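Observations on the three-dimensional arrangement
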Amino acid sequence: MVASQGTQGSDQVEIKNRLMKKLFSLGLGSALLFFHLNLSSEQKPNIILFLVDDMGLMDTSVPMLADKKGKPEKHSLNDWYRTPNMDRLAKQGVRFSQFYAQSVCSPTRASIMTGQNSARHRVTQFISPESKNAGPKDWKWEGLTSKDVTLPSVLRTNGYYTIFAGKAHFAPIGHEGEDPTKLGFDINIAGCSFGAPGSYFGEDGYGNLDPKRKKRAVPGLEKYHKSDTFLSEAITLEAKKAVTRSLQKDKPFFMYMSHYAVHSPFQSDPRFLKNYESSKKPRPAKSFATLIEGIDKSLGDLMDHVAAKGVAENTLILFVGDNGSDAPLGDSYGYYSSAPLRGKKGTCYEGGMRVPFIASWAKPGKANSFKIARNHLHHEQIGTVMDIYSTIVDASHSSSPIKHPVDGISLLPQLSGKINKKRPDHFMCHFPHSHRSSYFTSFRKGDWKLIYRYITNTGKRKSKKPLPKYELYDLKNDPYETKNLALENTKKNQ
Ligand code: CA
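The text that follows walks through the structure, step by step, so that each part is easy to find. Along every chain, residues carry numbers that run from 1 in the direction the sequence is written. Given that the model is predicted, a residue must reach a pLDDT of at least 70 before its local features are reported, and side-chain atom pairs must reach 80 or more before they are shown or counted; all residues, however, enter totals for whole chains, interfaces and linings. Heavy atoms from the whole structure form the basis of all side-chain values; hydrogens and water molecules are not counted.

**Examining the overall build of the protein**
Looking only at helices and strands, the protein features 13 helices and 16 strands. Here the protein holds 494 residues, and the buried ones make up 59% of them. Whether two residues are in contact is decided by their heavy atoms, any of which lying within 4.5 Å being enough. The contacts of the protein with a sequence gap of at least 6 include a subset with a gap of at least 24, amounting to 68%. Here the open area of atoms and residues is found with the Shrake-Rupley method and a 1.4 Å probe, where only the protein chains shown may cover a residue. Accessible surface for the protein amounts to roughly 20,400 Å². Of this, 53% is attributable to carbon and sulfur atoms. Here a strand is any run of E in DSSP of at least two residues, a helix any run of H or I of at least four, and the numbering for each starts at the N terminus. Burial status follows relative accessibility: with a 1.4 Å probe on protein chains alone, a residue under 20% of its type maximum counts as buried, one over 50% as exposed, and anything between as partly exposed.

**Looking at the sheet that holds strand S13 (residues 426-431)**
Two strands qualify as a pair provided that DSSP identifies no fewer than 2 bridges between them. Spatial ordering of the open sheet is given by S13-S14-S15-S16, a layout of 4 strands whose pairing is antiparallel. Both outer strands of the open sheet, S13 and strand S16 (470-474), are each paired with one neighbouring strand and no more. Neighbour-to-neighbour, the strand axes of this sheet turn through a mean angle of 10 degrees, independent of strand direction. Summarising the sheet, strand S15 (residues 448-453) and S16 pair through 5 bridges and their orientation is antiparallel. Of the residues in S16, the one forming a bridge with Leu450 is Leu472. To define axes, lines are fitted to C-alpha atoms, for helices over the stretch in contact only, and angles between the resulting N-to-C directions are given on a 0 to 180 degree scale.

**Observations regarding the coordination of the calcium ion**
Ligation of the calcium ion by protein atoms is provided by Asp53 (OD), Asp54 (OD), Cys105 (SG), Asp322 (OD), Asp322 (OD) and Asn323 (OD1), these donors lying 2.2 to 2.6 Å from the ion. Taken together, the 6 donor atoms coordinating the calcium ion span angles of 51 to 154 degrees at the metal, a pattern that classifies the geometry as irregular. As a rule, N, O and S atoms within 2.8 Å of a metal are its donors, except that Na, K and Ca use 3.2 Å; water is not among the atoms, so sites may look incomplete. Ordering the donors of the calcium ion by residue number gives the pattern D-D-x50-C-x216-D-N. With Asp53 in the loop between strand S1 (46-52) and strand S2 (65-66) and Asp322 in the loop between strand S9 (315-321) and helix H10 (350-353), this pair connects stretches of sequence that are 269 residues apart. Neither residue differs from the other here; Asp53 and Asp322 are each classed as buried. Only four donors with every angle between 85 and 135 degrees are called tetrahedral; only four or six donors with opposite donors over 155 degrees apart and all others between 65 and 115 are called square planar or octahedral, in that order; all others are irregular.

**Looking at the packing of helix H5 (residues 105-114) against helix H11 (residues 386-395)**
Two elements in contact, H5 and H11, have axes whose closest approach is 6 Å; the angle formed by their N-to-C orientations is 20 degrees. When the axes of H5 and H11 are compared, the pair comes out roughly parallel. The crossing of H5 and H11 is right-handed. Along its contact with H5, which presents Ser111, Ile112, Met113 and Thr114, the element H11 presents Met386, Ile388 and Tyr389. Class assignment of the residues belonging to the contact of H5 with H11 gives a composition of 5 nonpolar, 2 polar and no charged. Roughly parallel means an angle under 35 degrees; roughly antiparallel, over 145; roughly perpendicular, 65 to 115; everything else is oblique. Crossings are sorted by hand: turned counterclockwise from the far helix by less than a right angle, the near helix makes the crossing left-handed, and turned clockwise it makes it right-handed. Classification used: nonpolar for Ala, Val, Leu, Ile, Met, Phe, Trp, Tyr, Cys and Pro, charged for Asp, Glu, Lys and Arg, polar for all others including Gly.

**Some thoughts on the packing of helix H4 (residues 84-91) against helix H9 (residues 283-308)**
Closest axis-to-axis distance for the H4/H9 pair is 7 Å, and the angle between their directions is 50 degrees. Looking at the two axes, H4 sits oblique to H9. Across the interface between the two elements, Pro84, Asn85, Met86, Arg88 and Leu89 from H4 touch Asp296, Lys297, Leu299, Gly300, Met303 and Asp304 from H9. Residues belonging to the contact of H4 with H9 are distributed by class as follows: 5 nonpolar, 2 polar and 4 charged.

**Considerations on the pairing of S15**
Summarising the sheet, strand S14 (residues 440-445) and S15 pair through 6 bridges and their orientation is antiparallel. Residue pairing for S15: Phe443 is matched across the bridge by Leu450. Between S14 and S15, which follow one another and run antiparallel, lie 2 residues, and Gly446 among them has a positive phi close to 60 degrees.

**A closer look at the pairing of strand S6 (residues 161-166)**
Counting buried positions over the 6 residues of S6 gives 6, a clear majority of the element. The pairing of S6 with strand S8 (residues 253-259) spans 6 bridges and is parallel. In the sheet register, Ala165 faces S8, and the bridge partner there is Met257. Here S6 runs beside strand S7 (residues 187-189); their pairing, made up of 3 bridges, is parallel. Note that in S7 the partner of Ile163 across the bridge is Ile187.

Spelled out as structure tokens, the structure:
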């Protein structure tokens, strides 16, 4: 499947083509050239892809789940977390109640970069920086390379200045893709091969000044070493400067703002600790909540920054998590971390692969180049991390100079508040590896979700009862996966 233009994009291209033909017929070649250049630059929005590591659907004060009538439904975790800037973004845009990622980091990150499902790009497991991680022989543990068609490389070809900030984790140490500038980014702020930072504290140089944490020391950011600047804040400050510099270049910018937070180590962000001190929850859960609030401040700071620079109405923000929640609140197979969803990061259940997704203009207004519905919870259809590639390519009227198969579908029709009748209603999470829910492929089609396990008694569970080979859930009537219907519906298993 190749990325297609959304409705809005197609309309604009059609109008442009008709006008160009008219100008040709009038013999106005130079006017055409001026018109073409002018229209192209005017219509390309700035784009901020705001990616939060290990943030699940419920790790926010924004109600992301829908009730049976499709209205936002609050749950207890929405009262625990504090994300006022996500609230602000959600009120002025569209959020999805059913947005899917792969259940661990690297497969999702490769999907965002390529628009492909993990079974196609083959980065099916999280990349271990020093060695090949567990799994079948032929998974692409080397990660992405300069030969891959990537979202930033496509955007750069189409006139964008491309900024990378934060956690990269695209390839292991010593491999080409560990450096984001080899994958299509013009600049790299603090990105490297690993996913978990040595430390979030400026006092120990984000790991550089602590021998025990040096193995995962965050590169760059030296000016903040020995200061009290938390890692999320340092990356945000540098990202804001990069935006300012890019606006001076008279080019639209694409910024892949990828926070190390809220991945472990669960260190408390001192700026927000007072908000959670009185709770009886365990200390790591409080620390996790401060990390969440830190990335929320970063979101608000970037929204304010583009507003101060006068480009908010021409800046599209896509907010997304990279896998299900890893909040230290309960058992991997339990219900706590993503409650009321079942499971967490790395598992085959909905809590392992449902993530927050919000799309909005930094400021809704007349200069927006396409419509995004306001304060709208899209609950009817799914969206996936593969769609981000297609959506951004569509929104920016870009195209890949090299033929490139894409599994994602532009979300622009859905962002306008409509149903996209052309989009299929399925999502596959392919994870033939050992980690929490070992060796599984799950497939959602419509209301039904099938889980297939290649191995049912591996790893830590050897001493326990083997897990079922098949699980089947009716997500419409059992959204929290409590009743395995596999034995009653053997035809659906086939
Ligand atoms: Ca992750």
